[in-house]
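Here are the chains, one letter per residue:
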Amino acid sequence: QWVGYTFEQGSTKTTVTEFAFPLAYLLPITDRFTLDISTAYANSRVESGGASSTISGLTDTQLRLNYTFGLDAVVVTAGLNLPTGQYEVSEDKI
C-alpha cells in the first residue's frame, strides 16, 4: 500500500508519504484451531520547508488464535498486539 498527501499553508508545502508491505504467517494447529502472526514493513517520509524526516522498519506484531465452529460459519478469535515497532523518531532524523 502506498499513500501520499500534500498540504499547503501559505508558502509552506508539506508532503507526507507512506509505503507499507504486510507480512503474515498462518499455522494450522488442528482442523479447528489456527494461529497467525502478522506485521508489516513500513516506510514513512515527511518533507516540509526544505527539510525531511523518514522512519522505517517493522510495525507492531499481532498474534491471533482462531477457533472455527461447524462448517466455517462462526470463527472466534483471541488476539494479542505486541509493541515491537518503532514508535518515535530519533533526534538525528528530525
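Please refer to the structure placed before this passage.
Here the structure is a predicted model, which is why all the values come from computation and not from measurement.

## Focus: the overall build of the chain
Next, step 1: If you tally the helices and strands in the chain, you get zero helices and six strands.
Next, step 2: Reading the chain from its N terminus to its C terminus gives the helix and strand order β-β-β-β-β-β.
Next, step 3: Evaluated residue by residue, the chain yields a buried proportion of 13% over its 94 residues.
Next, step 4: If you sum the accessible surface of the chain, you get close to 7,200 Å²; carbon and sulfur atoms cover 59% of it.
Next, step 5: Looking at the chain, you have 5 positive and 10 negative side-chain charges, and the mean spots of the two groups are 4 Å apart.

## A short note on the side chain of S38
Next, step 1: Mapped onto the fold, S38 is located in strand β3 (residues 33–48).
Next, step 2: Residue classification places S38 among the buried positions, given a relative accessible area of 11%.
Next, step 3: Of the polar contacts made by the side chain of S38, one reaches the side chain of R64; its length is 3.1 Å.
Next, step 4: Contacts of S38, omitting those with residues within four sequence positions, involve L23, A24, D60, T61, Q62 and R64.

## A short note on the pairing of β3
Next, step 1: Judged from the 15 bridges that link them, strand β2 (residues 12–28) and β3 form a sheet pairing that is antiparallel. The residue bridging L26 from the neighbouring strand is D36, located in β3.
Next, step 2: Hairpin connection from β2 to β3: four residues lie between these consecutive antiparallel strands.
Next, step 3: Examined bridge by bridge, β3 and strand β5 (residues 61–69) share six bridges and lie antiparallel to one another. Across the sheet, the residue bridging to T34 is N66, located in β5.
Next, step 4: Where β3 meets strand β4 (residues 51–58), eight bridges bridge the pair, whose relative direction is antiparallel. Bridging from a neighbouring strand, S48 pairs with A51 of β4.
Next, step 5: With antiparallel pairing between neighbouring strands as the criterion, β3 and β4 make up a hairpin whose turn holds two residues, including G49 at a positive phi of roughly 60°.

## Considering a nonpolar patch on the surface
Next, step 1: Nonpolar side chains collect at one region of the surface, where Y25, L27, I29, F33, L35, I37 and L65 lie side by side and expose about 590 Å² of accessible area between them.
Next, step 2: Of the residues forming the nonpolar patch, the biggest block, three residues, is contributed by β3.
Next, step 3: Checked against the element boundaries, F33 lands in strand β3.
Next, step 4: By relative accessible area, which is 33% here, F33 ends up partly exposed.

Basis of the calculations
- Residues numbered from 1 in each chain as written.
- Predicted model: local features only at pLDDT ≥ 70, side-chain atom pairs only at ≥ 80, totals over all residues.
- Heavy atoms only, no water.
- Helix = DSSP H or I, 4+ residues; strand = E, 2+ residues; numbered from the N terminus.
- Buried < 20%, exposed > 50% of the residue type's maximum accessible area, 1.4 Å probe, protein only.
- Areas by Shrake-Rupley, 256 points an atom, 1.4 Å probe, with all protein chains shown as cover.
- Lys, Arg positive; Asp, Glu negative; His and termini not counted.
- Charge placed at Lys NZ, Arg CZ, Asp CG, Glu CD.
- Polar contact = N/O pair within 3.5 Å; in protein donor to acceptor, adjacent residues only side chain to side chain.
- Contact = heavy atoms within 4.5 Å.
- Pairing = 2+ DSSP bridges.
- Patch = residues over 30% accessible without salt bridge, like charges linked within 9 Å, V, L, I, M, F, W, Y side chains within 5 Å.
- Salt bridge = Lys/Arg side-chain N within 4 Å of Asp/Glu carboxyl O.

So far we have only geometry, and geometry alone does not tell us how the molecule works.
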